[in-house]
Amino acid sequence: MFLSVFDIFKVGVGPSSSHTMGPMVAGGRFLDMLRASPFHPRHLRVRLYGSLAFTGKGHATDRATILGLAGFLPESYEAEKAEAALAANRETHMLTPPGLAPLQFDPDHDLIFDYGHPLPGHANGMVIEARDAEGDVILRETFYSIGGGFVLTEAEHAAVDDKALAAPSPVPYPFRTADEMLSMAHAAGLTIAQMKRRNERRYRSEEEIEAGLARVWQVMNDCLTRGLVTDGVLPGGLKVKRRAKAIHLALEAERGLNMVAPHTINDWISCYAMAVNEENAAGGQVVTAPTNGAAGVVPAVIRYWLDHVPGASGSRVGDFLLTAAAIGGIIKTNASISGAECGCQAEVGSAAAMAAAGLAAVLGGTPEQIENAAEIALEHHLGMTCDPVKGLVQVPCIERNGLGAIKAISAASLALRGDGTHFVPLDAAIETMRQTGRDMHEHYKETSLGGLAVNVPNC
């Protein structure tokens, strides 16, 4: 199964790829089904299950669901138009998606948060149904938001089994595991980024790949830069103050001073990551990397490399992203990038592994050193729970991205000090993460029913 770099890095909107982008995408897919249907829908209803229900309000799942059914999509999201559509729905209890007659949808009655048992396929499940003028159900579909903005119908989810994953891929280097990736790199005499690029060429021209990578980095960097100059209080009720701007100003004021401690570089790294995740928490435009909740790690490490490492060149950002996407694809294929499925180890842990691999690559690492860097970063996030306070992607998520970025850089540096040989292979760390997520109590998998979410004030 081939996962493109543009599947791993998707332009979207905060605060959550699985709880915001996913339901919006699901709504859009359901509208497409309605447009192809011979029936005449008049009324929509949505039921949210599992983590989508428990933390949906904090993750803006209610807003995203309405907007998806109104025809909005994450990659083309416009905030002002979205707010206007939400205001119109509050007043009229109607939605007017393109290509369909007006549809009745009253969020107070038609958007149901089901706090019972989750659906069997995934912790992030939702059922959308359409009724005709007589009240009969004419279309019903179950969707699973499986992390990183990926959405599958019930049938699609059931079809993703080991046999499907192992099916022959049309790309020249169809590695599913890290071991296969290393073997192919040696046999072909190519870097991981070169193999990934040649795989991408199966579906896109070189010009399209370059333009796509440039846009991914542009959106990432723009998001980071906005976060560094914006202050205020984040929405949601916790009254969390943005901190990246003040930290950045203090760091800039210290530039050139002889007495600055060496560990201050960690503050730069954290500041970059926090800037991204403060923007994400405010509902801004971000790039899944591989999720919104972990969106700050990869751009923070790239910005650290470009601004603080001698010899760094913007022309190599594409290689960073391609290498990171290769690692992210392996993790998603063999475990998960969903906090609702495997806890935060699957989000910030995966992001740290991706960032460590990307940094090791642009610093001249061999495929073995790159794999080692990713393994170190993931190994030292194993067991991390997802316990957002009040269901918001703020505490502990924002600072956690900063620490994830620091770990990623440390992992890359340690790996480059060796020859790539190490005790724990990346594949073993990924399988451990999958097993740990399976065994983790549901309270610690993005439900806000355990951990920090119940041990600190929520208002």
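Residues numbered from 1 in each chain as written. Predicted model: local features only at pLDDT ≥ 70, side-chain atom pairs only at ≥ 80, totals over all residues. Heavy atoms only, no water.

Broken down by element type, the chain carries 21 helices and 9 strands. In terms of overall dimensions, the chain is globule-like: its C-alpha atoms have a radius of gyration of 22 Å, near the 23 Å expected for 459 residues. Considering only C-alpha atoms, the chain reaches an extent of 70 × 55 × 45 Å along its principal axes. A burial count over the chain gives 56% of its 459 residues as buried. Carbon together with sulfur atoms contributes 54% to the accessible area of the chain, which is approximately 18,700 Å² in total. Charged side chains of the chain number 38 positive and 51 negative; the gap between the two group centres comes to 2 Å. (Helix = DSSP H or I, 4+ residues; strand = E, 2+ residues; numbered from the N terminus. Rg over C-alpha atoms; globule rule 2.2 N^0.38 Å. Buried < 20%, exposed > 50% of the residue type's maximum accessible area, 1.4 Å probe, protein only. Areas by Shrake-Rupley, 256 points an atom, 1.4 Å probe, with all protein chains shown as cover. Lys, Arg positive; Asp, Glu negative; His and termini not counted. Charge placed at Lys NZ, Arg CZ, Asp CG, Glu CD.)

In a pair of packed helices, the angle between the axes and the distance between the axes together describe the arrangement. Two numbers describe how helix α11 (residues 206-229) lies on helix α13 (residues 265-281): the axes approach to 7 Å, and their chain directions differ by 95°. Taken as axis vectors, α11 and α13 run roughly perpendicular relative to one another. Residues Cys 223, Leu 224, Arg 226, Gly 227 and Leu 228 of α11 form the contact with α13, whose participating residues are Cys 271, Tyr 272, Ala 275, Val 276, Glu 278 and Glu 279. Across the contact of α11 with α13, the residue classes tally to 7 nonpolar, 1 polar and 3 charged. (Axes fitted to C-alpha atoms, helices over the stretch in contact; angles between N-to-C directions. Parallel < 35°, antiparallel > 145°, perpendicular 65-115°, else oblique. Contact = heavy atoms within 4.5 Å. Nonpolar A, V, L, I, M, F, W, Y, C, P; charged D, E, K, R; others polar.)

Here the focus is the environment of Met 94. The residue Met 94 is located in strand β3 (residues 94-95) in this model. In this structure, the C-alpha to C-alpha distance between Met 94 and Asp 231, residues 137 residues apart in sequence, is 35 Å. For Met 94, the residues in contact, after removing those within four places along its chain, are Asn 89, Pro 102, Leu 103, Gln 104 and Phe 105.

Turning our attention to the pattern of salt bridges. If you walk through the whole model with that rule in mind, you get 24 salt bridges. Note that Arg 35 and Asp 32 form a salt bridge whose closest N and O atoms lie 2.8 Å from each other. A residue pair is termed a helical-turn pair when its members lie 3 or 4 positions apart in one helix, as Arg 35 and Asp 32 do in helix α2 (residues 17-35) at 3 residues. In this structure, the salt-bridge partner of Arg 197 is Glu 210, at a minimum N-O distance of 2.4 Å. Residue Arg 197 is found in helix α10 (residues 192-200), and its partner Glu 210 is found in helix α11; the two are separated by 13 residues along the sequence. (Salt bridge = Lys/Arg side-chain N within 4 Å of Asp/Glu carboxyl O.)

Attention shifts here to the packing of aromatic side chains. Taken as a whole and assessed by the stated rule, the structure comprises 3 aromatic pairs. A ring pair is formed by Phe 2 and Tyr 203, whose centres lie 5.2 Å apart and whose planes are at 15°; its orientation type is stacked. Placement of Phe 2 in the segment before α1 (5-8) and of Tyr 203 in the loop between α10 and α11 is noted, with a sequence separation of 201 residues between them. Using a relative accessible area of 19% as the deciding quantity, one classes Phe 2 as buried. What makes Tyr 203 partly exposed here is its relative accessible area of 42%. When the ring of Trp 268 is compared with that of Tyr 272, the centres are 6.0 Å apart and the planes differ by 50°; the resulting orientation is tilted. (Phe/Tyr/Trp six-rings, centres within 6.5 Å; stacked < 30°, edge-to-face > 60°.)

So, on to helix α4 (residues 61-69). Extensive coverage of α4 is indicated by the burial of 8 of its 9 residues. Among all positions in α4, only Thr 61, Asp 62, Ala 64, Thr 65, Ile 66, Leu 67, Gly 68 and Leu 69 are buried. A positive phi of about 105° marks Gly 71, the residue just after α4.

This part covers the environment of Val 395. By the secondary structure assignment, Val 395 is in the loop between α18 (367-379) and α19 (397-416). The class of Val 395 is partly exposed, set by a relative accessible area of 32%. Expressed as a C-alpha distance, the spacing of Val 395 and Leu 238, which sit 157 residues apart in the sequence, is 9.0 Å. When neighbours within four sequence positions are excluded, Val 395 is seen to be in contact with Leu 238, Val 240, Asp 387, Pro 388 and Val 389.

Turning our eyes to something else, we now look at the nonpolar core. Counting residues in hydrophobic clusters, the biggest one holds 98 residues, and the most contacted among them are Phe 9, Met 220, Val 298, Leu 321 and Ile 327. Once residues within four sequence positions are removed from consideration, Phe 9 is found in contact with Val 216, Met 220, Val 287, Thr 288, Ala 289, Val 298, Leu 321, Ala 324, Ala 325 and Met 354. The next biggest cluster of nonpolar side chains, apart from the first, holds 33 residues, and it includes Met 21, Met 24, Tyr 77 and Phe 143. (Core = buried A, V, L, I, M, F, W, Y, C linked by side-chain atoms within 4.5 Å.)

The next thing to look at is the side chain of Ser 270. Along the chain, the position of Ser 270 falls in helix α13. The class of Ser 270 is buried, set by a relative accessible area of 13%. Beyond its immediate stretch of four places on either side in the chain, Ser 270 contacts Gly 402 and Ile 406.

Residues Phe 54, Tyr 115 and Leu 449 make up a contiguous nonpolar surface patch of roughly 270 Å² in combined accessible area. By the secondary structure assignment, Phe 54 is in helix α3 (residues 51-54). Taking relative accessible area as the criterion, Phe 54 reaches 30% and is therefore assigned partly exposed. (Patch = residues over 30% accessible without salt bridge, like charges linked within 9 Å, V, L, I, M, F, W, Y side chains within 5 Å.)

Side-chain alternation along strand β8 (residues 150-153) places Phe 150 and Leu 152 on one buried face and Val 151 and Thr 153 on a second face that is also buried. Here 4 bridges tie strand β7 (residues 137-147) to β8, and the two strands are oriented antiparallel to one another. Of the residues in β8, the one forming a bridge with Phe 143 is Thr 153. (Pairing = 2+ DSSP bridges.)

Turning our eyes to something else, we now look at the side chain of Asp 106. By the element assignment, Asp 106 lies in the loop between β4 (103-104) and α6 (107-110). Buried and unpaired, Asp 106 has Arg 45 as its nearest opposite-charge partner, separated by 8.6 Å. Ignoring anything within four residues of it in the chain, the contact list for Asp 106 reads His 93 and Leu 111.

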